[in-house]
Structure formats: C-alpha cells, structure tokens
Amino acid sequence: MSDRTARTALVVGGTSGIGLATARRLADRGYDVHVAGRSAERVKAVADLDSRITAHQADGGDRAAVADLAAQLAPLDVLVVTLSGSLGMGTLAELDLNVLREAFDAKLWAHLATLQAALPHLAPDASVTLLGAISAHAAMPGTAGLSALNAAVEGLVRPLAVELAPIRVNAVSPGVVDTGWWSGLPDDARAAFFEATAAAVPVRHVATADEVAEVVTLVATNRNLSGTVVEADGGARLVSL
C-alpha cells in the first residue's frame, strides 16, 4: 500500500518525454509519484535523475504486470497513461495495414489493458488522464492512420467519464512536441520540420514536453474536469501543416 500522507500518482509510459515531464510536475505538487516503462535502461535513468520519482519496469500492454504494480500502489489517486508509438504514418495508398495494426496494439490496446488492470485499484475520487494527439482532429495528409488511432484513444473519454463516475476521465491532445518521438528523423531533417511547423502554427512555436505536461497535470488534478479532451496543439488543428 502507498503512504497515504501523500496522494499517489502512477504515470504509465512515464520514463521519457511528456510522461516523465508530467511525473516531475506531479512530484512538484507533492504527490507520491511512480512511473512505469518497458525499458530497463530508462527506468534506471529515471531513478538516477530524480529521487522523488520511483520507476518500475512494466509494459503498459502487459495487463498482468500493470495490475500487479497498481495493486502494490493502491489506492491510486492519479493515473496518467502516456503510451505512444511511432508507427502508422503514411498516405492511404502506401499505408501498410499490418504496421497500423501494430500501432493500435502499441497504443489503443495498451491503453485499454492499462485501464482494465488499474481500475480495481483506483481511489473513489481518482482521475484518469489519457494522451491522444491532434492528428485526431486535424486534416493533415499522410496521417489518416494516426488520426484513426488517436481518435480511438480519445473516443474512450466521454463514455468512461460517465461509466466510471465519480472517477474523472479526460485526455490531452498535443500537436507537434519536441520529444524523442521524432528521433527517427536525421537531425537536420528534424530541425527543418520543427522550423516549418513553428512558422505554420498560430503560436509560432513547437511545444516542449514540459509545456504539454503542464496541461496534463492541470487536467489530472482539477476536480471540475471530466469527459474533456484538451487540445494543447499550439493551434495546429486550425491550419494546414
């Protein structure tokens, strides 16, 4: 059982990027913060970098592993699921549907597995926050697969907000964020893409992981929000990228 002198938060997919930035912000607010990730190397790195955060090796797609971890930490006051993947990009004509199925396994099915595993271990007034993406709302060529994937994740929010009430269920839908998600691009190509994106979006800026984490933390901790998807995209949905 967790120490009830502090409320307990678990960030699944929290060993890097937006998830780790969210964990740090929750720690700043005094939560007893735990993160889960697949990579033993990243788990060790988190433990070395921030003593306020307890890191666990657990795959969000492994229901049994998440259930075991959630049971150890119960009751969970905050559950944040920031699982993502880099698969699913491409025009319809070139889209490999087998790869897209892998993307659904890595994100949608992993979200569902995590939610089912953690559900019995949530506090009665807990919050659940999911991470979608603005591709679910925008109209960017080459993102039909990603749009479908993230729309599926965000589509969980409203019915679950009613089904699980008074547990709060929300999501954050970020746009382009400067994280390791883009590490597959060569440095010069990534820099050029970020520059072009910044010139196109209304805020003239590519978000940092911490800027999105600030929104995730607000959504996770504000008791008046439920059934909401917050678009933290710099206005990307309003323009053509």
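Our subject in this report is the structure included herewith. The model shown is predicted, which means the values in this text are computed figures rather than measured ones.

## Concerning the overall build of the protein chain
Then comes step 1: Per the secondary structure count, the protein chain includes eight helices and nine strands.
Then comes step 2: What you see for the protein chain is a C-alpha radius of gyration of 17 Å, in line with the 18 Å of a compact globule of 241 residues.
Then comes step 3: With respect to the three principal axes, the spread of C-alpha positions in the protein chain is 50 × 40 × 35 Å.
Then comes step 4: Expressed as a percentage of contacts within the protein chain between residues at least 6 apart in sequence, the contacts between residues at least 24 apart total 72%.
Then comes step 5: Counting every atom, the protein chain has about 11400 Å² of accessible surface; 54% of that belongs to carbon and sulfur.

## Brief notes about the nonpolar core
Then comes step 1: In this structure, Leu10, Leu79, Leu115, Leu122, Val128 and Leu130 are the most contacted members of the largest nonpolar core, which totals 34 residues.
Then comes step 2: Elements represented by at least two residues in this core include exactly β1 (8-12), α3 (63-73), β4 (76-81), α4 (97-118), β5 (122-131), α5 (144-154), α6 (157-163) and β6 (168-174).
Then comes step 3: Among the nonpolar cores identified, the runner-up in size contains 28 residues, and Val11, Ala21, Ala213 and Ala232 belong to it.

## Topic: the side chain of Thr197
Then comes step 1: In this fold, Thr197 is placed in helix α7 (residues 187-200).
Then comes step 2: If near-sequence neighbours (up to four positions away) are discounted, Thr197 is found in contact with Val176 and Val206.

## A few points about the pairing of β4
Then comes step 1: By the criterion of burial, β4 is predominantly enclosed, with six of the six residues buried.
Then comes step 2: Bridge count between β1 and β4: four bridges; the pairing is parallel. Residue Ala9 lies in a different strand from β4, and its bridge partner there is Val78.
Then comes step 3: Relative to β5, β4 runs parallel, the two being bridged by five bridges. Residue Val81 lies in a different strand from β5, and its bridge partner there is Leu130.

## Observations regarding the side chain of Thr217
Then comes step 1: Here Thr217 lies in helix α8 (residues 209-221).
Then comes step 2: Apart from residues no more than four positions distant in its own chain, Thr217 is found in contact with Thr22, Arg25, Leu26 and Arg29.

## Here we look at the sheet that holds strand β9 (residues 228-232)
Then comes step 1: Ordered by their spatial adjacency, seven strands build an open sheet running β3-β2-β1-β4-β5-β6-β9, and the pairing between neighbours is parallel. Two strands close off the open sheet at either side, each with one partner strand: β3 (53-57) and β9. Each strand axis lies, on average, 20 degrees off the axis of its neighbour in the sheet, ignoring direction.
Then comes step 2: The pairing of β6 with β9 spans five bridges and is parallel. By the bridge assignment for β9, Pro174 is matched with Ala232.
Then comes step 3: Across the sheet, helix α2 (residues 40-49) lies against β2 (32-37) and β3, angled at about 165 degrees from β3, the strand it touches most.

## A short note on the packing of α4 against α5
Then comes step 1: It is the contact of α4 with α5, at a shortest axis distance of 10 Å, that shows an interaxial angle of 15 degrees. As summarised for this structure, α4 and α5 are arranged roughly parallel, according to the angle between their axes. Handedness of the α4/α5 crossing: right-handed. Facing α4, whose interface residues are Leu100, Ala103, Phe104, Lys107, Leu108 and His111, α5 presents Gly145, Ala148, Leu149, Asn150, Ala152 and Val153.
Then comes step 2: Taken together, the residues that form the contact of α4 with α5 break down as eight nonpolar, three polar and one charged.

## Here we look at the pattern of salt bridges
Then comes step 1: Applying the stated criterion across every chain, the model contains nine salt bridges.
Then comes step 2: The partner of Asp28 in a salt bridge is Arg52, and the shortest N-O contact between them spans 2.6 Å. Taken together, the positions of Asp28 in helix α1 (residues 17-28) and Arg52 in the loop between α2 and β3 put the pair 24 residues apart, joining distant regions of the chain.
Then comes step 3: For Asp28, a relative accessible area of 55% puts it in the exposed group.
Then comes step 4: Residue classification places Arg52 among the partly exposed positions, given a relative accessible area of 39%.
Then comes step 5: Here Asp233 and Arg237 are joined by a salt bridge, their closest N and O atoms 2.6 Å apart.
Then comes step 6: Residues joined in a network through salt bridges with shared partners are Arg24, Asp28, Asp50 and Arg52.

## Overview of the packing of aromatic side chains
Then comes step 1: Taken as a whole, this structure holds one aromatic pair when the rule is applied.
Then comes step 2: Pairing Phe193 with Phe194 gives two aromatic rings, centres 6.2 Å apart and planes at 45 degrees, and the pair type is tilted.
Then comes step 3: For Phe193, a relative accessible area of 30% corresponds to the partly exposed category.
Then comes step 4: Relative accessible area serves as the criterion here: at 12%, Phe194 is assigned to the buried category.

Conventions adopted
Residues numbered from 1 in each chain as written. Predicted model: local features only at pLDDT ≥ 70, side-chain atom pairs only at ≥ 80, totals over all residues. Heavy atoms only, no water. Helix = DSSP H or I, 4+ residues; strand = E, 2+ residues; numbered from the N terminus. Rg over C-alpha atoms; globule rule 2.2 N^0.38 Å. Contact = heavy atoms within 4.5 Å. Areas by Shrake-Rupley, 256 points an atom, 1.4 Å probe, with all protein chains shown as cover. Core = buried A, V, L, I, M, F, W, Y, C linked by side-chain atoms within 4.5 Å. Buried < 20%, exposed > 50% of the residue type's maximum accessible area, 1.4 Å probe, protein only. Pairing = 2+ DSSP bridges. Axes fitted to C-alpha atoms, helices over the stretch in contact; angles between N-to-C directions. Parallel < 35°, antiparallel > 145°, perpendicular 65-115°, else oblique. Left-handed = near helix turned anticlockwise from the far one by under 90°. Nonpolar A, V, L, I, M, F, W, Y, C, P; charged D, E, K, R; others polar. Salt bridge = Lys/Arg side-chain N within 4 Å of Asp/Glu carboxyl O. Phe/Tyr/Trp six-rings, centres within 6.5 Å; stacked < 30°, edge-to-face > 60°.

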